[in-house]
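Examination of the molecular architecture
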Amino acid sequence: MTAERSLVVSGLSLSYDDREVVRDLSLTVPPGQVTVVVGANACGKSTLLRGIARLLAPTSGAVLLDGRAVHRMPTREVAEVMGILPQNPSAPGGITVADLVGRGRYPHQGWLRRWTPDDEDAVARALAWTGTEELADRPVDELSGGQRQRVWIAMALAQETEVLLLDEPTTFLDLAHQVEVLDLLTDLNHRGTTVVLVLHDLNLACRYADHVVAMRDGAVVAEGRPADVITPETVRAVYGLECQVVPDPVCGTPMVVPLGRHHCGTARRGPSAT
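Residues numbered from 1 in each chain as written. Predicted model: local features only at pLDDT ≥ 70, side-chain atom pairs only at ≥ 80, totals over all residues. Heavy atoms only, no water.

Moving on to the nonpolar core. One recurring pattern in soluble globular proteins: nonpolar side chains tend to sit buried together. Grouped together as the largest cluster of nonpolar side chains are 49 residues, with contacts concentrated most on Val 36, Val 97, Val 101, Leu 197 and Ile 230. The element best represented in this core is helix H5 (residues 145–158), accounting for eight residues. By size, the runner-up hydrophobic cluster in this structure holds 29 residues, among which are Val 22, Leu 25, Leu 65 and Met 82. (Core = buried A, V, L, I, M, F, W, Y, C linked by side-chain atoms within 4.5 Å. Buried < 20%, exposed > 50% of the residue type's maximum accessible area, 1.4 Å probe, protein only. Helix = DSSP H or I, 4+ residues; strand = E, 2+ residues; numbered from the N terminus.)

Right, let's talk about the side chain of His 211 for a bit. If you trace the backbone, His 211 turns up in strand S9 (residues 211–216). Using a relative accessible area of 12% as the deciding quantity, one classes His 211 as buried. Here Glu 223 takes part through its side chain, which lies 2.9 Å from a polar atom of the side chain of His 211. What His 211 contacts, discounting residues up to four positions off in sequence, is Pro 30, Gln 33, Val 34, Thr 35, Val 36, Glu 223 and Gly 224. (Polar contact = N/O pair within 3.5 Å; in protein donor to acceptor, adjacent residues only side chain to side chain. Contact = heavy atoms within 4.5 Å.)

So, about the sheet that holds strand S2 (residues 19–29). Pairing is antiparallel across the open sheet formed by four strands, whose spatial order is S2-S1-S4-S5. The sheet is open, and its two borders are formed by S2 and strand S5 (68–69), each paired with just one other strand. Along the sheet, helix H1 (residues 45–52) contacts strand S1 (7–16), S2 and strand S4 (60–65); its crossing angle with S1, the most-contacted strand, is approximately 115 degrees. (Pairing = 2+ DSSP bridges. Axes fitted to C-alpha atoms, helices over the stretch in contact; angles between N-to-C directions.)

A separate point is empty space enclosed by the protein. Space left empty within the atom packing is revealed by a probe, the size of a water molecule, rolled over the atoms. Under the defined criterion, the tally for this structure stands at two cavities of 30 Å³ or more. In this structure, the largest cavity is lined by Trp 129, Thr 130, Arg 150, Ile 153, Glu 180, Val 181 and Leu 184. Those elements giving two or more residues to the lining of the largest cavity turn out to be H5 and helix H6 (175–190). It is H6 that contributes the most residues to the lining of the largest cavity, three residues altogether. Of the residues in the lining of the largest cavity, the class split is four nonpolar, one polar and two charged. Each pocket or cavity is described by its volume, and for the second largest cavity that value is around 40 Å³. (1 Å grid on protein atoms, 1.4 Å probe; cavity = no way out; pocket = protein on both sides within 12 Å on 5 of 7 lines; lining within 4 Å. Points joined across faces, edges and corners; volume = space filled by probe spheres on them. Nonpolar A, V, L, I, M, F, W, Y, C, P; charged D, E, K, R; others polar.)

Set out below in structure tokens:
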């Protein structure tokens, strides 16, 4: 893999029927880095990822992969370079884990879809990286939500693309598995994969991102290094939330401490507490 693929979003607008969700958005995805997109619910994060992955056609603007509009490129050619794990993927009934992960190899196979040792090795690596080897023979629809999410991530990894897009990959995972998945994606990035993902947890986003994109109402509010983007002012503008931002005691990255109406235990102690 190389980390030199150019991915540029230029004046992109995306709509569902007559409802515009992303409008005139432009950004450049830093090659070879981990980019995390953050923002409140319904701000357009997932829609942006769908547009980049050509799952949603633009009403205007373009997504350029190495200078070429992805919506005009052959599907297989795009899939060899760019993979996506959407927010709510669905699997055919009764399919086993190994078969589902194996589907990540389709872009690398010829028209006759002959299975090769390279395909076998890629699937084995993906299962090992996600800790799902013991699930290989089980039907996907019998798995827990967390197990199923790790299997979908394994399928995305088996595709072995140079750019990987993931929409909330830590959904359904407990905290330990969230950290495990983000560590895994960082390992993948260190091997040369450009990673773009949507996350809700700002503190984990700051720990793992090289580049943060903060969105509101279908537009980019701020982007750059976590320390430059995740500030009390940006959090207020994006989430309508008052907070303090302090150094993470482990990583030194920004850590958001929200200020609610009932902080410091006042909800439990009552108004007379000191």
